[in-house]
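# Residue-level structural notes
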Amino acid sequence: MSTSRKGSMMKTPDIQRRKVLTIGSFKLGICHGHQVIPWGDLDSLDMLQRQLDVDILITGHTHQFKAYKHEGGVIINPGFGTGAYSSITYNVNPSFVLTDIDGLRLVVYVYELIGGEVKVDKIDFKKAQPVG
Amino acid sequence: MVLPRVLEQVVNCKDELAQYYLMDCIIQVFPDEYHLQTLDTLLGACPQLQPTVDVKTILSQLMERLSNYAASTPQVLADFLQVEAFSKLSEAVVKVIEVQPDMPLVGAVSLHVALLTFTLRVHVDRLDYVDQVLGACVKKLEGVGKVKDNKATKQIIALLTAPLEKYNNIVTVLSLTNYPKVMEHLDYGTNKVMAVVIIQNIMKNGTFIMEADKVEALCELLKEIIQDSDGSPALDELDEEDFMEEQNLVARLVQMLTNDDNSEMFKILQTVRKYFLKGGPKRLGYTLPSLVFSALKLVRLLQQQDESSGEDGVTFPQKVFQFLLQTVEALSVVPAPELALRLYLQCAEAANNCDLEPIAYEFFTQAFVLYEEEIADSKAQVTAIHLIIGTLQRMHVFGVENRDTLTHKATGYSAKLLKKPDQCRAVYACSHLFWVVDGRVQDGERVLLCLKRALRIANAAQQMASVTKGSGGTLTLFVEILNKYLYYFEHGNQHITNSVIQGLIELIVTEMQSDNTTQDPMVDSFFASTLRYIRFQKQKGDGVAERYASIEL
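Owing to the predicted nature of the structure, the values given are computational and were not obtained by experimental measurement.

## Points about the overall build of chain A
Tallying secondary structure elements over chain A gives 1 helix and 9 strands in all. Moving toward the C terminus, one meets the helices and strands of chain A in the order β-β-β-α-β-β-β-β-β-β. In chain A, which comprises 132 residues, the share counted as buried stands at 48%. Nonlocal contacts in chain A, meaning residues at least 24 apart in sequence, comprise 43% of its contacts between residues at least 6 apart. Summed over all atoms, the accessible surface of chain A reaches about 6,400 Å², with 52% contributed by carbon and sulfur.

Structure below.
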C-alpha cells in the first residue's frame, strides 16, 4: 500500500473527511491533519489516534515526512511527493511512504529525495498479540 | 556547358509531366558539388516551368539533397556560404511564388517550410537566416489575416514547430523576431493548440526562462491562452476539462520562469502578473496561486539572505509582500474566497518568519474579512476557522495587543459556528492560542478557561441532542476535551490539576452509564484507549508516574 498526499490547494471537495481502514490485523486511520492543532504536534495527533482507535495514523498538511512510533502505534506523515512549497517546512524533500503489513508486523519504507539522491529508510512496528 | 542547354530543352518542351520528371532526374543524377556550383542556372529554370508543375517538390528535393550533403560532409559548409546557397534558394522561392499568382496559400507556405528545413539543417547557427525565412513567409501572409484553410494552417504549424524542435530551447526561438508574427496568422483554436505545444516543449526540455524581457516576449506569444482577445469565443463555450488542463499548464509554466538574481526574479514576477491579470475571473483561480507561491519562494530566499536595506524606507521583502497582497486581492473578482483565505494565511506565515509584524497582521486582517464577508457555507467556515487558528498558533511575531485581538476574533468566531460540535472543537482548538510555546504566551489559566468554555458547549450539545434525537451521541466531545486536559497536564500547565481531570473522567463515566445515552462503540473505544494511555503513563519513569498517580480510574 502506498501513501502520498494530494495538495489541498487543488480544488478537492472535502478535506475534513477521515477514513478508517482495516488491513490484515491493523487498523489504519487517514486524516489530512489541518484540523489537528497544533499542526504536526505529535501529542495532539496521538489524541486523534486514540479517537479513531487505530494502530497507524496517516496524516499530512505539513509537507514534512515524520514517523513516530509509540506504545499505541505509529503516526506517519508521508511528506509530499512533489516537494512543493510549505509555509511550515523549509526545504521540503519530496517523499512518499510504502507500508507493508504482514500478520502482526508492520514495516514502513520511507523514500526521500535528498540532494538529488533517493534515500530509503524503514521503521518496524510489531503489534502486541491481541488478548485472547 | 551542358546544364543550360539541358534546362533549355526542359523548359521549351512545355509538357508538365516531362518537365517534372526531367527536373527530378537532373537533381538526382548530378552530384551535389555540381549542384552547388550551378545553383543559379538550375534555380533560374524553376520559375520558367509550367504553372501546373509541382515546383515545390522539386525545390524541396533539391534542398533535401543539399542538406544531406552538408550533413555528411561538414567541410563543404564553406562552399555553401561561398556560393551563397541560402540567398539563392530564398530568392528562388520568392520568384516561383511570384510567377505563379494562382498558387494556393498551402503551396506558398510549404515552400517556406522546405526552405526552413534546409536552413535548420545546414545553417543551424544562423538565426538570422532562420528569421529571414520566417520573415519571407510573413510577407506572403500579409493581408491574409487568420488563415482558414486547413492545409495551409498545417503548414504554418510545421513552420512554427520546426525551430522549436530543432533548438529545443524557447529562449532561442524567442529571438526570432518574425516567429510571433507567423503565429498571429493562426486562427484562435489553432493558436491555442500551438501555445500548448510551446509550453509542453518548455516543460519537456526543462528550459528556464531567466530574463524579464524574454518572459514578456513569451507571454506575448502565448497571449491567446493567457487572456481573452477580440474575436475569441466566450469561455463558457469551451470544453471545461480542456480549459482546466490548459490553464494548469500555464500555472506550471510559472515554475520555469526564474532567476537566481532576486531583483530580476521580482521583475519576472511583476511581468507575469501583468499578463495574468488580464486573464479574467475564469483563469485567475488557476494561474494566480502558482504566482503567489513563486513569490513566497522569493521571500524565503530573501529571508535567508537577510536583505534588510532598501530604498525610500521600503525593504525588498516588504515590496514582495505588497506584491503578494495585491495579487491575492485580485482573486476577489473570481470570486475565490476560500482559496484567497488560504493564500493570505500562507503569506502571514511568511511575514511572521521575516519578523514583519504589521504585514503579518494585515494578512490576518484580510483573512478575517474574507471569513466574515465571503465564507457563508458552514462546512467551509469550519475548515477556514481551523486554518486561521492553526496559522495563528504558529505566529511568534505578534506583540501582546495584536495577538490578543486576533485570538479574541478567532475564539469568537469559533463559538459562533453553526453546529454545536463544530463550535466545541474549534473552541478547544483555540486553547492552543493561549499556550503557543516558541512564540511564548503559555497562559495556563486562559487555556483552562477556554477548555471549560468548550465543555459548556459540549454540555449544551449533549442536552440538545437528547431532546431532539432522544440520545446523546455527542459524548465523544467530552472524551476529546479530556484528552486536551491530558495534553496540557503533560505539558506542565499548572491549572490543569488532577482533580480537574478526575472530575471530567467521572462525568464521562456517569453519562455513559445513564439511561439516556445510547451505546456508541466509537466513544467506548476512544474512552478506553484514553484510559489505557493514562494507565501507561502511570507506569512510566522520569517522574511521569508520580504526576499521574493521583488520577484514579
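Picking up where we left off.
## Comments concerning the interface of chain A and chain B
At the junction of the two partners, chain A supplies 26 residues and chain B supplies 41 residues. Together, the buried faces of chain A and chain B total about 3,200 Å²; carbon and sulfur atoms form 57% of this surface. Inspection of the region where chain A meets chain B yields 0 salt bridges. At the junction of chain A with chain B, the criterion picks out 6 residue pairs in polar contact (both at pLDDT 80 or more).

## Details of the confidence of the model for chain A
All names here are of chain A. Here chain A averages 78 in pLDDT, and 82% of its residues register 70 or above. Across chain A, the element-wise mean pLDDT spans from 52 in strand β1 (residues 2-3) up to 90 in helix α1 (residues 42-52). Scored below 50 in pLDDT, residues 8-14 shows 11 contacts in the model against residues more than four places distant or in partner chains.

## What about the environment of Leu-17 of chain B?
Among the structural elements, Leu-17 of chain B can be located in helix α2 (residues 16-29). The spacing of Leu-17 of chain B and Thr-52 of chain B is 35 residues in sequence and 9.2 Å in space, taken between C-alpha atoms.

## Description of the pattern of salt bridges
All names here are of chain B. For the coordinates displayed, the defined rule picks out 15 salt bridges over all chains. For the salt bridge of Lys-409 with Glu-372, the shortest nitrogen-to-oxygen distance reads 3.2 Å. Remark: Glu-372 occurs in helix α21 (residues 357-373) and Lys-409 occurs in helix α23 (residues 400-415); sequence separation between them is 37 residues. Of the residues examined, Lys-409 reaches a relative accessible area of 34% and is grouped as partly exposed. Overall, the relative accessible area of 40% leaves Glu-372 in the partly exposed class.

## With respect to the packing of aromatic side chains
Under the criterion given, the structure shown has 17 aromatic pairs over all chains. Here the aromatic rings of Phe-30 of chain B and Tyr-34 of chain B are separated by 4.9 Å at their centres, their planes lie at 15 degrees, and the arrangement is stacked. Seen from their ring centres, Tyr-361 of chain B and Phe-398 of chain B are 6.2 Å apart, and the 85 degrees between their planes marks the pair as edge-to-face. A residue pair is termed long-range when its members are at least 10 positions apart, and Tyr-361 of chain B in helix α21 and Phe-398 of chain B in the loop between α22 (378-393) and α23 qualify at 37 residues. Through a chain of ring-to-ring contacts, the aromatic side chains of Tyr-69, Phe-80 and Phe-118 of chain B assemble into a single cluster. Lying over the aromatic face of Tyr-533 of chain B, Arg-50 of chain A brings its terminal NZ or CZ to 3.9 Å of the ring centre.

## Concerning a positive patch on the surface
Residues and elements named next belong to chain B. Residues Lys-416, Lys-452, Arg-453 and Arg-456 make up a contiguous surface patch of positive charge. Relative to the helices and strands, Arg-456 is located in helix α25 (residues 444-468). Relative accessible area serves as the criterion here: at 55%, Arg-456 is assigned to the exposed category.

## As for the pairing of strand β4 (residues 56-59) of chain A
Residues and elements named next belong to chain A. A two-sided burial pattern is seen for β4, the buried positions comprising Ile-56 and Ile-58 on one face and Leu-57 and Thr-59 on the other. Here strand β3 (residues 26-31) pairs with β4 via 4 bridges, running parallel. Along β4, the bridge assignment pairs Leu-28 with Ile-56. With α1 bridging β3 and the parallel β4, this β-α-β connection has right-handed handedness. Both β4 and strand β6 (residues 73-78) contribute to a ladder of 3 bridges, which runs parallel. Note on β6: the bridge partner recorded for Leu-57 is Ile-75.

## Some remarks on the sheet that holds β3 of chain A
What holds strands together in a sheet is hydrogen bonding between their backbones, with the strands either parallel or antiparallel. Residue and element names in this part refer to chain A. Strand order in the open sheet formed by 5 strands is β2-β3-β4-β6-β5, and the pairing between neighbours is mixed. Each end of this open sheet is capped by a strand with a single partner; those strands are β2 (18-23) and β5 (65-70). Strand-to-strand twist of the sheet, defined as the mean angle between neighbouring strand axes without regard to direction, takes the value 15 degrees.

## Section: the packing of helix α5 (residues 55-72) of chain B against helix α7 (residues 85-99) of chain B
All names here are of chain B. Relative orientation of the contacting elements α5 and α7 amounts to 175 degrees, with a least axis distance of 11 Å. One finds that α5 runs roughly antiparallel with respect to α7. Two secondary-structure elements touch here, α5 through Val-55, Leu-59, Leu-62 and Met-63 and α7 through Leu-89, Val-93 and Val-96. Looking at the contact of α5 with α7, its residues break down into 7 nonpolar, no polar and no charged.

## Observations concerning helix α1 (residues 2-13) of chain B
Residues and elements named next belong to chain B. Between its first and last C-alpha, α1 extends 17 Å over 12 residues, near the 16 Å set by a 1.5 Å rise per residue. Buried within α1 are the following residues: Leu-3, Leu-7, Val-10 and Val-11. Along α1, the residues classed as buried sweep out an arc of 95 degrees about the axis, all on the same side. Exposed side chains of α1 directed beyond 90 degrees from the buried face belong to Arg-5 and Gln-9.

Conventions and cut-offs
Residues numbered from 1 in each chain as written. Chains lettered and ligands numbered in written order. Predicted model: local features only at pLDDT ≥ 70, side-chain atom pairs only at ≥ 80, totals over all residues. Heavy atoms only, no water. Helix = DSSP H or I, 4+ residues; strand = E, 2+ residues; numbered from the N terminus. Buried < 20%, exposed > 50% of the residue type's maximum accessible area, 1.4 Å probe, protein only. Contact = heavy atoms within 4.5 Å. Areas by Shrake-Rupley, 256 points an atom, 1.4 Å probe, with all protein chains shown as cover. Buried area = accessible area lost by both parts, 1.4 Å probe. Salt bridge = Lys/Arg side-chain N within 4 Å of Asp/Glu carboxyl O. Polar contact = N/O pair within 3.5 Å; in protein donor to acceptor, adjacent residues only side chain to side chain. pLDDT = per-residue confidence, 0-100. Phe/Tyr/Trp six-rings, centres within 6.5 Å; stacked < 30°, edge-to-face > 60°. Lys NZ or Arg CZ within 6 Å of the ring centre and 35° of its normal. Patch = residues over 30% accessible without salt bridge, like charges linked within 9 Å, V, L, I, M, F, W, Y side chains within 5 Å. Lys, Arg positive; Asp, Glu negative; His and termini not counted. Charge placed at Lys NZ, Arg CZ, Asp CG, Glu CD. Pairing = 2+ DSSP bridges. Right-handed = clockwise from strand over helix to strand, strands pointing away. Axes fitted to C-alpha atoms, helices over the stretch in contact; angles between N-to-C directions. Parallel < 35°, antiparallel > 145°, perpendicular 65-115°, else oblique. Nonpolar A, V, L, I, M, F, W, Y, C, P; charged D, E, K, R; others polar. Expected span 1.5 Å × (residues − 1). Arc of directions from axis to C-beta.

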